[in-house]
Amino acid sequence: MIESKANRKFKEAAFYNSQNDGGYFLLPFKFHRLNGEKEILVNEVGDYLILPTGTTATIVNRQISKENNSELYGDLIANFFISEEAIHPLIDVLATRYRTKKHFLNYFTGLHIFVISLRCEHTCFYCQVSRVTENRDQYDMSIQNIDRGIEIMFKSPNPHVTMEFQGGEALLAFDNIKYAVEKSEKIAGEIGKQITFVICTNLALVNEEILYYCKEHKILISTSLDGPQSIHDSNRHKPHASSYALAIKGIKLSREILGEDQVSALMTTTTLSLEHPIEIVDEYYNMGFPGIFLRNISPYGFALRTEKSKYSTDKFIEFYKKALGRILEYNFQGHYFTEDLARIYLTKILTPFNTGFVDMQSPAGLINGVIVFNYDGGVYATDESRMLAEQKDFTFKLGTLNDEYKDLFFGAKAQEIAQVWSNEALAGCSECAFQAYCGADPVHHHATQGDMYGYRPTSAFCQKNMEIIRYLIELMESEPKIKKIFESWISKK
Amino acid sequence: MNLKTKGVAKYINEPLVGRITRDVSSTGENSFLICEEIPADINTNSFEAILTSKDTSHLVENKPAVYAVPNFDHLSEGDIVAINEDGNINTLYRVNSFHNVLLATERCNSNCLMCSQPPKDRNDIPRLYSINQKLISLIPKDCIELGISGGEPTLMGEMFFQTLENLKEQLPETEIHVLTNGRSFAWQSMAERLAKIDYRRLMLGVPVYSDYYQVHDYIVQARDAFNQTILGLHNLARYNQRIEIRVVLHKQSIPRLTKLAKYIFKNLPFVEHVAFMGLEFIGYTPHNIEKLWIDPHDYIEELGEAVEFLSGQGIHVSIYNSQLCVLPENLWQYCRKSISDWKNEYLPECQNCLKLNDCGGLFRWNLNKHSDYIKPFTAIEM
Ligand code: SF4
Ligand code: SF4
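All chains use their own residue numbering, which begins from 1 and follows the written sequence. By the order in which they are written, chains take letters starting at A while ligands take numbers starting at 1. With pLDDT at 70 or above as the cut-off, local features in this predicted model cover only qualifying residues; side-chain atom pairs require 80 or more to be listed or tallied, and sums for whole chains, interfaces and linings still use all residues. Where side-chain values are given, they derive from all heavy atoms of the structure, hydrogens and water being excluded.

A.B. asks: Before we move on, could you go through the packing of aromatic side chains and cite the residues and values that matter?
C.D. replies: Residues and elements named next belong to chain A. Here is the rule: rings of Phe, Tyr and Trp (six-membered ring for Trp) pair when centre to centre is within 6.5 Å. Planes less than 30 degrees apart are stacked, more than 60 are edge-to-face, and the remainder are tilted. Tallied over the entire structure, the rule returns 29 aromatic pairs over all chains. Measuring from ring centre to ring centre gives 4.1 Å for Tyr405 and Phe409, while their planes differ by 20°; the resulting arrangement is stacked. Residue Tyr405 and its partner Phe409 are both found in helix H15 (residues 405–410); the two are separated by 4 residues, about one turn of the helix. When a residue's accessible area, from a 1.4 Å probe over protein chains only, is under 20% of the maximum for its type it is buried; when over 50% it is exposed; and in between it is partly exposed. For Tyr405, a relative accessible area of 10% puts it in the buried group. The helix and strand labels rest on DSSP assignments: H or I over at least four residues marks a helix, E over at least two residues marks a strand, and numbering proceeds from the N terminus.

What follows is the structure, encoded as structure tokens:
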């Protein structure tokens, strides 16, 4: 091992060239036209280069040389696009990078959604959950099913599980939530697992007693806020009351008792929302949230039935761009205010890491990252899956809480879905430049195209992702100051 | 300031390591007495050796000693020195400094264009190893930080790890900072061996000069060095070792500097610290100055982008060997007063500068080679 240099005379840079006869090998990468002038090349782990249109062809035709394109040549080598050896000398580094990108698979299911009650006191027109105003026994999750759900949750190999209570309106079954929280806390302590609790609620029923309980048990609050009052109340109908006023009151009280960062809000974009991107962003900004998540409406479930919520993906993209523009304005003024969908994409585009966001992964987050235990004991692959079930479509029902863990998570149904949950292996996606930034969504494709596999050219999922990803890249590549802002959004600092 | 002096050695057959004292009444073991008058009872007390300005006409039979030493002004009570067969007295450890360094070896498997301590191709490893083992046992237990440098320390092989084990045992509270080119850790077994020591106070400072192998290999004058270093860093990360990346700023490293910053974040996100360092005008640098010199003023844009990007992504970043007046104010927060006390100097005009106390100044050997844009801050401008 001990070696010294035979000769310490300095040599010129050319001496350190390892290339053989001007040739090079291609490593796996994909490309996509960004606009008239530029194309983007993306390597196997999501690193990208933006180059003039036509560059890919010159690379593939071996027309790039060290002498004539020295900087580009260096970029291609350094970023794992080409190699001077058939097997890249740093292939192990590339492998580690790949593992890091797929790190979310290491732990298996983390998010366990308990649909604790299907009852709700709201009558939102787009609600994907049927509303049922009474009959506790039929529409609340039974203690027996809660017990069984907890048992299954703790079988997850994930050292950190999240238990999320949804409804209907989850707070209508607060006693059952308390039961579930206390039981799970105890077990988690005994077996040494970390657990996070979340209650999803419209906050109409929240009170100090509930919040002090949440504080004591470190329960996070996730609520809905669709925008200013006119939009929110129109979207979220509550008989004889303003849903907005109750939500705002609830948010303030929750922050007061739990702390600012323990309360988050989600918005849903309806046809009405589409006309008010600025007002919606402003509402979130004025309410003191650190950002907003611009979400399009699920194109299925209860919502599909009403004309009011049908809109084209084009319209959503247009809305998205306007809203993002407003968000950037705040940032230009020096305020830190993020858009969370962008943050998810940007984390994949700009960092060596991935996100835990289950809706945009490959293999898909369903089963791997999230599982839903329905009020009636049904087990579903995702939240949307149980909404399909409300329309009697049981395609993504994995079984019931009485089934064995292995049959639910690795059974025939799971295996069937697994055939189509990796975009690496889906026609259209397999050669898409944005594959590493995107995900697979069998539930969406089943619901909208009648086929889990999906057909990308007419897929709304694809259309939305492809355009937003392209737009984000175009924005930051044309404006260094936007890139700085985007970098600040994904910073771990 | 001088760290070496020389006299006439007597009865020294191998390098001796000991603590300096001027106190005749102390009876410290492993102590070397510095004295004008050699005490009459010198043979009955326990001083291991005598260092004196007296000449050899005052020879004490059989007592290791260095005679006719011109002066001892640079040595403080408790400093540790090695005295050699040839009369050289080398300062190994100074109690009043935070910048003490063990020299592991002067051998190296690279030959960087800007090496500040050019390697020598003789086998000094066993000799330095035995000196260092002795030295480690004498270093005060409250020593805050200790460097290990070379040459390339890992060329010591197993002795490298033994040195670390010895340090961990004898100086458990001391932060250890090893400068290595990291190439040896491309062998996974080397990283595994290091991990076995389980040394949380150990940090490895590893240079990466470019994201493109050919530029890096040229700068370090060694084929395959880049790939070995990157693989080495990954092996070290696999075993959770603490890593600092060191980037020297010069004409060869600047053109791809911002790309290097991105490369570090993408491929080496596990590093704890990235240090960007101004060029030292010593060692090989004067010889290669044509290939290396770029006025620091002319790279502030690239440096700023690299520093702010890495810092923005949550990586701890520092700028070393740089002067405040050359850098824009937004980068001052990253500047550290990094130059070891005895190497640190300022220009005459610095005496009028209001930032003198905050500024890291220059290496003594850069007094004649520095940015043209050094300009004191005066009250009127501020
Ligand atoms: S869904 Fe569309 S954008 Fe996403 S990877 Fe597939 S083809 Fe690409
Ligand atoms: S004038 Fe001297 S002390 Fe002042 S900032 Fe410049 S280098 Fe530092």
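Anyway, onward from the coordinates.
A.B. asks: Describe the pattern of salt bridges, and please don't skip the residues or the numbers.
C.D. replies: Within this document, salt bridges are pairs made up of a side-chain nitrogen of Lys or Arg and a carboxyl oxygen of Asp or Glu, the two lying within 4 Å of each other. Applying the stated criterion to the full structure yields 37 salt bridges over all chains. As a salt-bridge pair, A:Asp282 and A:Arg326 come within 2.8 Å of each other at their nearest N and O atoms. Residue A:Asp282 is found in helix H11 (residues 277–286), and its partner A:Arg326 is found in helix H12 (residues 313–332); the two are separated by 44 residues along the sequence. A:Glu467 is the partner of A:Lys321 in a salt bridge, and the nearest nitrogen-oxygen pair spans 2.7 Å. Pair noted here: A:Lys321 is in helix H12 and A:Glu467 is in helix H18 (residues 460–478), with a separation of 146 residues, a long-range link. Here A:Lys321 falls in the partly exposed class, since its relative accessible area comes to 25%. In this structure, a network of salt bridges that share partners links the residues A:Glu71, A:Asp75, B:Asp211, B:Arg256 and B:Lys259.

A.B. asks: Pulling in residues and values, what's your account of the interface of chain B and chain A?
C.D. replies: Should any heavy atoms of two residues lie within 4.5 Å, those residues are considered in contact. Contact with chain B, which involves 45 residues of that partner, is made by 45 residues of chain A. As used here, buried area is the combined drop in accessible area, with a 1.4 Å probe, of two parts when they are placed together. Interface area, chain B with chain A, both sides summed: about 3900 Å², of which 53% is carbon and sulfur. Here chain B and chain A share 5 salt bridges between them. For B:Lys266, the salt bridge identified is with A:Asp47, shortest N-O distance 2.8 Å. As used in this structure description, the phrase polar contact means that two N or O atoms lie within 3.5 Å; if the pair is within protein, one of them must be able to donate a hydrogen and the other to accept it, and residues adjacent in sequence are counted only when both atoms belong to side chains. Counting every contact that joins chain B to chain A gives 22 residue pairs in polar contact (both at pLDDT 80 or more). Of all the secondary structure elements, the ones that give two or more residues to the side of chain B that touches chain A are helix H4 (213–220), helix H5 (225–238), helix H6 (257–267) and helix H8 (300–312) of chain B. Across the side of chain B that touches chain A, the residue classes break down as 20 nonpolar, 14 polar and 11 charged. Only Asp, Glu, Lys and Arg are considered charged in this grouping, and only Ala, Val, Leu, Ile, Met, Phe, Trp, Tyr, Cys and Pro are considered nonpolar; every other residue, Gly among them, is considered polar.

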